[in-house]
Amino acid sequence: MDTQLKNRKIILGVTGGIAAYKSCTLCRLLIKAGADVYVCMTPAATKLVGKDTFEALTGHKVAIDIFDEAKDISHVGLAKDADLFLVAPATANTIAKIAGGFADNMLTATLLASTCPVVVAPAMNTNMYNNIATQTNLSTLVNRGIYVLTPNEGELACGIVGTGRMKEPEEIFSDVCSILSNRIAYINHHPQLGLEQEKLPAPQKPLELTQTRLLPKSLGVGLKVIITAGPTEEQIDPVRYISNNSSGKMGYALAQVAAYLGADVTLISGPTNLQTPFGVKRIDVKSAVQMLHAVESYVTQADIMIGCAAVADYRVENPSPIKIKKKDDEDSITLKLIKNPDIVATVGHRQSHRPFTVGFAAETNNFEQNAKDKLVKKNLDLIILNDVSNKSIGFNSDENEVKIFDRDGQLAHFDKQSKQVIAQLIMELIFKTVRNK
Ligand code: PMT
């Protein structure tokens, strides 16, 4: 794990929270793992820990005063080539400044000048943490792709017990290693918004597309993406319907990653039990016809459309307005099914305002040929093939394995791993393909 830190330039920002003393341990852990650590302190932090401690640990001058820049270290120079900017502890005040884009001290100015991944470890009193102002600021950070390490619960310096205790140095160290090794190791959610912070499992194998580098967080910026997900429900009568086992996990993971990468994401979802991914606009529908209408109302503005929903190919021609009664004298009933519109094909065949169109192929046999046929028939730019005969991947599983094809053949094969990691790989490939067009 430590190898992720070897020769990495890490800026450790220390702000004026009582947890500042723990940053010395954190600093040591990073250095022991091979990182080249530069410390930047706010003036308030120097009241809690002496800069000499950090200078002795890192062997570098500590940056504090922005007005000393001419003779010392410049904020732009410090930010240059940094692999990661870690603010630990991050006080409510500094979090607010980062959210507002302030550059009024060496730490905030350096952070504003940085282009590397930023990790923030909040530490404060529970009420300050729960305050809507802090929560809104944290959401802003998360929306910008900054990694927020949700503080622990415990006894705080003020004597009360609650959330706000900075994560332990060992935990932060491990988070930093994960972030540097797993690209998007965390998709940040905010507990106050009803979502859990989720740690994504590490990929089983080195990733094919980018092996050691973090995904550029701006990859999706400026792109509007529509994703369909989940099953559809086709009504038989008011209490019965035809549906399938799609859980929505694959489509929601794609939406989560696309939004994380800065895209404007509209998730058009059939009925699922999943929470809306952070930063995603969700439109709930039931039937295929409703899904088509929802897609059509967003499609003219979309740059990319991904059809991940398991849409019923047929619906009942005349659903009964009242509950169908069992008849003692009949052993069977007949439902006439008629074809549903093909949503992704309708988008693929648009003559104007046609987004880059991606479909999934859920196959149980004749895999590659069926997928390629769908690519052509539905006029798609890409098709993502998954084997839904294997219960450990595909419908309602936590993992997937996919092959991606365009008209020229196979573009990628992503081995079996979590749907979240598969989603990262798919979205990276789609965004890069669209940007290179
Ligand atoms: O939701 P999960 O439990 O995570 O499972 C994920 C998944 C297996 C559902 C997903 O990975 C997947 O394969 N989605 C596509 C399911 C499907 O309907 O495949 P298909 O091969 O029947 O359809 C091909 C493509 O046409 C798909 O993009 C589908 O969304 C689209 N389609 C199909 C029928 C229709 N009437 N309209 C459509 O848009």
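Residues numbered from 1 in each chain as written. Predicted model: local features only at pLDDT ≥ 70, side-chain atom pairs only at ≥ 80, totals over all residues. Heavy atoms only, no water.

> I would appreciate a short explanation of the pattern of salt bridges in the present structure.
Counting across every chain of the model gives 17 salt bridges. Notably, a salt bridge pairs lysine 432 with glutamate 428, separated by 2.7 Å at the nearest N-O pair. In this pair, lysine 432 and glutamate 428 both sit in helix α13 (residues 419–435), 4 residues apart, roughly one turn of the helix. What makes lysine 432 partly exposed here is its relative accessible area of 28%. By relative accessible area, glutamate 428 is classed as buried at 0%. Among the charged side chains, a network of salt bridges with common partners joins Lys22, Arg165 and Glu168. (Salt bridge = Lys/Arg side-chain N within 4 Å of Asp/Glu carboxyl O. Helix = DSSP H or I, 4+ residues; strand = E, 2+ residues; numbered from the N terminus. Buried < 20%, exposed > 50% of the residue type's maximum accessible area, 1.4 Å probe, protein only.)

> What am I meant to see in the site of the ligand here?
Taken together, 29 residues sit near the ligand, with Ser247, Gly307, Lys374, Asn386 and Asn396 positioned nearest. Contact distances for the ligand include 3.3 Å between an oxygen atom and a backbone N or O atom of lysine 249. Separating an oxygen atom of the ligand from a side-chain N or O atom of lysine 378 is a distance of 2.9 Å. Considered on its own, the ligand offers 770 Å² of accessible surface; in the complex 96% of this is hidden by protein. (Near = heavy atom within 4 Å. Polar contact = N/O pair within 3.5 Å; in protein donor to acceptor, adjacent residues only side chain to side chain. Areas by Shrake-Rupley, 256 points an atom, 1.4 Å probe, with all protein chains shown as cover.)

> Please clarify how the confidence of the model for the protein should be interpreted in this entry.
Predicted confidence across the protein gives a mean pLDDT of 87, with 90% of residues reaching 70 or more. Within the model, the stretch residues 182–214 combines pLDDT values under 50 with 101 contacts to residues more than four positions away or in other chains. (pLDDT = per-residue confidence, 0-100. Contact = heavy atoms within 4.5 Å.)

> Got a minute to help me understand the sheet that holds strand β3 (residues 84–90) in this structure?
Pairing between the strands of a sheet is mediated by backbone hydrogen bonds and can be parallel or antiparallel. A sheet is described by the order of its strands in space; here 5 strands give the open sequence β2-β1-β3-β4-β5, paired in parallel fashion. Only two strands of the sheet have a single partner each, and these edge strands are β2 (36–41) and β5 (147–148). Direction of pairing for strand β4 (residues 118–122) relative to β5: parallel, over a ladder of 2 bridges. Residue pairing in the sheet places valine 120 in a bridge with valine 148 of β5. (Pairing = 2+ DSSP bridges.)

> Before we go on, may I ask you to explain the packing of helix α1 (residues 22–32) against helix α2 (residues 51–58) in this structure?
Closest axis-to-axis distance for the α1/α2 pair is 10 Å, and the angle between their directions is 10°. On the basis of the axis angle, α1 is roughly parallel to α2. From α1, Ser23, Cys24, Cys27, Arg28 and Ile31 reach across to α2, where they touch Thr53, Phe54, Leu57 and Thr58. Considered class by class, the residues forming the contact of α1 with α2 number 5 nonpolar, 3 polar and 1 charged. (Axes fitted to C-alpha atoms, helices over the stretch in contact; angles between N-to-C directions. Parallel < 35°, antiparallel > 145°, perpendicular 65-115°, else oblique. Nonpolar A, V, L, I, M, F, W, Y, C, P; charged D, E, K, R; others polar.)

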